[in-house]
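Take a look at the letters that make up each chain.
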Amino acid sequence: MKLNTTTREEMWAKQHLSATNIDYSLWERDKSILHQLSKIVRDCTFVVDVYKCKYAYASPNFVDLLGYDRHKIQTLERQGDYLESRIHPDDRTQLAALQVTLSQFIYSLPFEQRNDYSNIYSFRILNAKQQYIRVTSRHQVLEQDCNGKAWLIIGNMDISPDQKISEMVDCTVLNLKNGETFTPSLSFMTSTNLTNREIEVLRLIQKGLLSKEIADKLCISIHTVNIHRQNLLRKLGVQNSIEAIRLGQEIGLLG
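Owing to the predicted nature of the structure, the values given are computational and were not obtained by experimental measurement. Residue numbers here run from 1 along each chain, matching the order of that chain's written sequence. Only residues with pLDDT of at least 70 are given local features in this predicted model, and only at 80 or more are side-chain atom pairs given and counted; all residues enter the totals for whole chains, interfaces and linings. By convention in this description, side-chain values take in all heavy atoms of the structure and omit both hydrogens and water.

Trainee: So what's going on with the confidence of the model for the protein chain? Residues and values would help.
Mentor: Scored by pLDDT, the protein chain has a mean of 87; 92% of the residues are at 70 or more. Known as pLDDT, the predictor's per-residue confidence is scaled from 0 to 100. For this analysis, residues touch if any pair of their heavy atoms sits within 4.5 Å. The model gives residues 186–191 a pLDDT under 50, and that stretch makes 19 contacts with residues more than four places away or in other chains.

Trainee: Any chance you could break down the packing of aromatic side chains for me, citing the residues and the numbers?
Mentor: In this analysis, rings of Phe, Tyr and Trp, with Trp reduced to its six-membered ring, are considered paired at centre separations within 6.5 Å, and the interplanar angle assigns stacked below 30 degrees, edge-to-face beyond 60, and tilted for intermediate values. As enumerated under the stated definition, the model contains five aromatic pairs in all. Arranged with centres 5.9 Å apart and planes meeting at 70 degrees, the rings of phenylalanine 46 and tyrosine 55 form a pair that is edge-to-face. The same class applies to phenylalanine 46 and to tyrosine 55, which are both buried. Plain terms: the ring middles of phenylalanine 62 and tyrosine 68 are 5.1 Å apart, the flat faces sit at 50 degrees to each other, and that makes the pair tilted. Note on accessibility: phenylalanine 62 and tyrosine 68 belong to one class, buried. Three or more aromatic residues joined by ring pairs make a cluster, and in this case those are Phe62, Tyr68 and Tyr82. Sitting over the ring of tyrosine 68, arginine 86 keeps its end group 4.4 Å from the ring centre. Per-residue accessibility, obtained with a 1.4 Å probe over protein chains only, is compared with the maximum for each type, and a residue is labelled buried under 20%, exposed over 50%, and partly exposed between these values. A positively charged side chain is recorded as over a ring if its NZ (Lys) or CZ (Arg) lies within 6 Å of the ring centre. The angle to the ring normal must also be within 35 degrees.

Trainee: Lay out the environment of isoleucine 242 in plain terms, naming residues and giving numbers.
Mentor: To qualify as a helix, a DSSP run of H or I must reach at least 4 residues; to qualify as a strand, a run of E must reach at least 2; elements of each kind are numbered from the N terminus. Relative to the helices and strands, isoleucine 242 resides in helix 10 (residues 241–250). Taking the C-alpha atoms as reference, isoleucine 242 lies 36 Å from alanine 13; in sequence the two are 229 residues apart.

Trainee: Break down unusual backbone geometry for me, citing the residues and quoting the values.
Mentor: Phi at cysteine 53 is positive, roughly 55 degrees, even though this residue is not glycine. Among the secondary structure elements, cysteine 53 is positioned in the loop between strand 1 (44–49) and strand 2 (54–58). A positive phi angle, close to 60 degrees, is found at glutamine 130, a residue other than glycine. Following the sequence through the fold, glutamine 130 ends up in the loop between strand 3 (117–126) and strand 4 (132–144). Looking at glutamine 130, the relative accessible area reads 51%, which means it is exposed.

Trainee: So, a nonpolar patch on the surface: which residues are in play, and what are the values?
Mentor: Taken together, the side chains of Ile33, Leu37, Ile40 and Val41 make up a nonpolar region of the molecular surface, amounting to roughly 370 Å² of accessible area. Owing to a relative accessible area of 69%, isoleucine 40 belongs among the exposed residues under this scheme. Candidates for patches are residues over 30% relative accessible area with no salt bridge; among them, like charges are joined within 9 Å and nonpolar side chains (Val, Leu, Ile, Met, Phe, Trp, Tyr) within 5 Å. Here, Shrake-Rupley sampling with a 1.4 Å probe gives the accessible areas, and only protein chains in the shown set may cover a residue. Here, a salt bridge means any side-chain nitrogen of Lys or Arg that lies within 4 Å of a carboxyl oxygen of Asp or Glu.

Trainee: Tell me about the pattern of salt bridges, residues and numbers included.
Mentor: One pass over the structure, following the stated rule, counts 11 salt bridges. Across the salt bridge formed by aspartate 81 and arginine 92, the nearest N and O atoms sit 2.5 Å from each other. Of this pair, aspartate 81 sits in the loop between helix 4 (70–74) and helix 5 (82–85) while arginine 92 sits in helix 6 (residues 89–107), placing them 11 residues apart in sequence. For arginine 92, a relative accessible area of 30% puts it in the partly exposed group. Taken together, the shared-partner salt bridges in this structure form one network comprising Arg29, Asp30 and Glu143.

Trainee: Give a description of the sheet that holds strand 2 that names residues and reports values.
Mentor: As a general point, the strands of a sheet are linked pairwise by backbone hydrogen bonds and lie either parallel or antiparallel. Strand pairing follows a simple DSSP-based rule, namely that at least 2 bridges must link the two strands. Spatial strand order, 2-1-5-4-3-6-7: seven strands in an open sheet with antiparallel pairing. Looking at which strands have only one partner, the edges of the open sheet turn out to be strand 2 and strand 7 (181–182). By the bridge criterion, eight bridges tie strand 3 to strand 4 in an arrangement that is antiparallel. Within strand 4, the position partnered with leucine 126 by the bridge is tyrosine 132. Comment: axis = line fitted to C-alpha atoms, over the contacting stretch for helices; angle = value between 0 and 180 degrees taken between N-to-C directions. Seen against the sheet, helix 6 touches strand 3, strand 4, strand 6 (170–175) and strand 7 and runs at an angle of roughly 170 degrees to strand 3.

Trainee: I'd like a rundown of the pairing of strand 5 (residues 150–159), residues and numbers included.
Mentor: Burial analysis of strand 5 places seven of its 10 residues in the buried class, which makes it a mostly covered element. In this structure, strand 4 lies alongside strand 5, joined through nine bridges in antiparallel fashion. Considered in strand 5, the bridge of valine 135 is made with isoleucine 159. Count of turn residues in the strand 4/strand 5 antiparallel hairpin: five residues, of which glycine 148 carries a positive phi of about 85 degrees.

Here it is, written out as structure tokens:
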């Protein structure tokens, strides 16, 4: 498979956000609420402005809990990738690749489903003692523009209760609508571009359904099912359904 060289910023640009469709008064309201919450909860909160392609906020808890520089947290909009600078270098590379891959998965979905997911990561960062500790960071859409495009992304980070020794970034994707989860593989560094229907067909193939049974269940023709099957094999780069199921399990599309 071809190595994925797309950047996170390039994925953000796919939103094609416009200033005329964004209401920054919503962000001022949200920011005030986040300031108040930071006095109550101990986890660390940050917000990314996808339109401006930069961080818009980080809670004071980053200073108290994780030892981040207070001035840089207070002026985060001007600090570039300061939050990333404290992530373990190996984890930072893995995390960036995962974020791009998951963004590509999101953009392969129908428009109305793209904001229904939360990505939960576990990785290592430097704490106040300059020691690497494992944290859990959950990201999801905070605000949309007037057309429903993701505009502000909120993240909540806390020290992980499981301080296992691992050189791998863990990731779980949660569907906020139905509670379903999957865990993508870090070895999967290229987008399959599978559509939501193709993923649905793959899951039914895994359950042992024949094309006629899949057609009946999805209320589509056998011809359409066979087209989906052909597209699955082509996009996954495999020769048959058995290989497609195996790869689907490896990349987290199948349980």
